[in-house]
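Examining the three-dimensional arrangement
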Amino acid sequence: MYIGIISAMKEEIQAVLEILDLEKQQVKGMRTYYIGTLAGKKVVLVFSRWGKVASATTATQLINDFEIDEILFTGVAGAIHDEISIGDILIGRALFQHDMNASPMVRKFEVPLLNKTYFETDSDRREKLLVSGEKFLTEIGTIISEDTLKDFNISLPKIILADIASGDQFISTQKQSETIRKGLPSVRCVEMEGAAVAQVCFEYKIPFSIIRTISDNANSNAHVDFPRFANVVASKYALGILSNYLSTV
Ligand code: ADE
């Protein structure tokens with residue numbers, strides 16, 4: 001059996017590929033699936049591209065074509081709560097689709113025919129990820145330079161378990177953030193894939209985990225230096241947390 005690792009950032013996949021003991025790779029539906037060993041575990045690694053359709057199709061292909069017993073999803077996210085800062089790590093608890101609204105047929109945010117407004121991650125695995133992320137953060141000074149952390153205003157980054165909302169929108173105005181905060185008050189960050197992968201994993205009964213590094217505050221500065229953040233910060237986070245996690249399972 002394999003652990004499926006999906007990332008929405010090609011920079012993160014690139015960083016993991018550098019330490020992956022690659023056995024073979026297969027191209028399907030415009031995605032490359034890298035099969036190999038990472039930290040002693042058999043994994044299939046894939047870049048999902050962005051958005052709910054892209055990530056749901058990738059997760060479905062991964063589950064159907066490889067023997068996957070769990071999925072880990074990594075990527076970046078925008079903070080929509082004061083207590084969350086750039087550089088923090090959010091481990092997903094409940095995953096909502098903030099752009100789902102089939103009311104009045106069903107409740108706002110409810111995924112039609114599933115009678116669910118959110119999908120929960122696996123509790124044992126998220127606890128392990130919290131420990132893996134804590135370990136990464138205690139070592140961050142030896143992994144990312146002081147200047148880089150300063151450039152992105154990252155000081156004392158923390159890791160928390162949090163509810164996450166996904167939708168097919170890059171959130172870049174206060175108004176958009178406010179709308180999501182009002183509708184889904186427990187949510188701490190926004191991204192574009194997690195809840196889609198969560199729905200697929202729920203339907204196939206595959207345990208899943210979502211790891212998000214906060215890259216922006218989901219406001220008008222949200223796009224600033226995004227590629228550089230992915231290269232010099234997010235990819236280091238993904239590599240560090242995944243390696244720590246895989247060595248515990
Ligand atoms: N991923 C990273 N930042 C985001 C944002 N502001 N909105 C949606 N997805 C994101």
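Rules used throughout
Residues numbered from 1 in each chain as written. Predicted model: local features only at pLDDT ≥ 70, side-chain atom pairs only at ≥ 80, totals over all residues. Heavy atoms only, no water. Helix = DSSP H or I, 4+ residues; strand = E, 2+ residues; numbered from the N terminus. Expected span 1.5 Å × (residues − 1). Polar contact = N/O pair within 3.5 Å; in protein donor to acceptor, adjacent residues only side chain to side chain. Near = heavy atom within 4 Å. Areas by Shrake-Rupley, 256 points an atom, 1.4 Å probe, with all protein chains shown as cover. Nonpolar A, V, L, I, M, F, W, Y, C, P; charged D, E, K, R; others polar. Disulfide = S-S within 2.5 Å.

This part is about helix H3 (residues 123-138). In this model H3 runs 23 Å from its N-terminal to its C-terminal C-alpha over 16 residues, within 8% of the 22 Å that 1.5 Å per residue would give. Two or three places before Asp124, at the start of H3, stands the capping residue Asp122, its side-chain oxygen 3.5 Å from that residue's backbone nitrogen.

Okay, the site of the ligand next. If you check the shell around the ligand, you find 13 residues, and the closest are Gly78, Phe170, Ile171, Glu191 and Asp216. Interatomic distance of 2.6 Å between a side-chain N/O atom of Asp216 and a nitrogen atom of the ligand. Contact with the protein chains covers 97% of the free accessible surface of the ligand, which is 260 Å². At the level of secondary structure, the elements contributing two or more residues to the shell around the ligand comprise strand E5 (68-79), strand E9 (187-191) and strand E10 (208-216). Looking at the shell around the ligand, its residues break down into eight nonpolar, three polar and two charged.

Throughout the structure, instances matching the rule amount to zero disulfides. Free cysteine Cys189: the closest other cysteine sulfur is in Cys201, separated by 17 Å.

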